[in-house]
Amino acid sequence: MAYLLPHCLILHIPKTGSDWVRAACQEAVEGPISEVGDWHCDLQTAKQILQEKGMGIPLIGTFVRHPMDWYRSAWLYWKETDRFPRLESEPKVETDDFELFVRNCMTVEPRGYVSTLYERFTGTIPGEISVIGKQENLVDDLVRLLKLAGESFDEGKLRSVKSQNVGGHKTGVRFTGYSYELARDVILHEQLVLERFGYTY
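Remember, it's a predicted structure, so these values are computed and weren't measured experimentally. (Residues numbered from 1 in each chain as written. Predicted model: local features only at pLDDT ≥ 70, side-chain atom pairs only at ≥ 80, totals over all residues. Heavy atoms only, no water.)

Caption draft 1: Molecular detail of the environment of leucine 138. Topologically, leucine 138 is positioned in helix H6 (residues 138–149). Note on leucine 138: relative accessible area 10%, which makes it buried. With 112 residues separating them in the primary sequence, leucine 138 and glutamine 26 have C-alpha atoms 16 Å apart. (Helix = DSSP H or I, 4+ residues; strand = E, 2+ residues; numbered from the N terminus. Buried < 20%, exposed > 50% of the residue type's maximum accessible area, 1.4 Å probe, protein only.)

Spelled out as structure tokens, the structure:
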């Protein structure tokens, strides 16, 4: 679900730190907070819901992460919960073999599985979303987003919120790493994400 604060809307891309963002906002932000839409409500859906309610479109923010880390996190989450962050109508890609899982994703989305997913939340038009932070700088980027939006919040409380939903810690599922070939193929396959958000290879 998107998270509506007094002065901004935060979209939650699966596996980019959204559980921590939600917990941090609940702990630190002053004023009413509500949820918009269903699980991982995307940009166009959130805008439509707000417009149907007669509400203006506030500052919108979201968070991304490096695609190699996204695949690892999504796979671990599925292994631990039997849930994969995809729509029911989308092709099944889950498998116990990590490399096969990634290659299934590549087959499903020739333009890049993570690239296509992110576009649903970040849009494709410059300025369509106001702030795009990175999971790798999650705390500082959330602070930046909230300050830009003019939210009232306790930065000390926000920074004290512990990590949430870290893959592999609940059941001891192990991630054995990328082969050289798989890492190379992911980098080639997800060029849209890497270039758009300034990730180094």
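Next comes the rest of the description.
Caption draft 2: A look at the packing of helix H1 (residues 18–28) against H6. Look at H1 against H6: their axes get within 11 Å of each other, and the N-to-C directions meet at 50°. Between H1 and H6, the interaxial angle falls into the category oblique. Regarding H1 and H6, the two cross each other, and that crossing is right-handed. Side by side, H1 and H6 meet where Trp20, Val21, Ala24 and Cys25 of the first sit next to Leu138, Val139 and Leu142 of the second. (Axes fitted to C-alpha atoms, helices over the stretch in contact; angles between N-to-C directions. Parallel < 35°, antiparallel > 145°, perpendicular 65-115°, else oblique. Left-handed = near helix turned anticlockwise from the far one by under 90°. Contact = heavy atoms within 4.5 Å.)

Caption draft 3: Layout of the nonpolar core. Within the largest apolar cluster, 41 residues are counted, with the highest numbers of intra-cluster contacts made by Leu9, Leu11, Trp70, Tyr71, Phe101 and Tyr118. Broken down by secondary-structure element, the contributors of at least two residues to this core are strand S1 (2–4), helix H2 (43–52), strand S4 (59–64), helix H3 (67–81), helix H4 (98–108), helix H5 (113–122), helix H8 (180–189) and helix H9 (191–196). Looking at this core, the element that brings in the most residues is H3, giving seven residues. Dropping the residues within four chain positions of it, tyrosine 71 is found in contact with Phe98, Phe101, Val102, Cys105, Tyr113, Val114, Tyr178, Val186 and Glu190. (Core = buried A, V, L, I, M, F, W, Y, C linked by side-chain atoms within 4.5 Å.)

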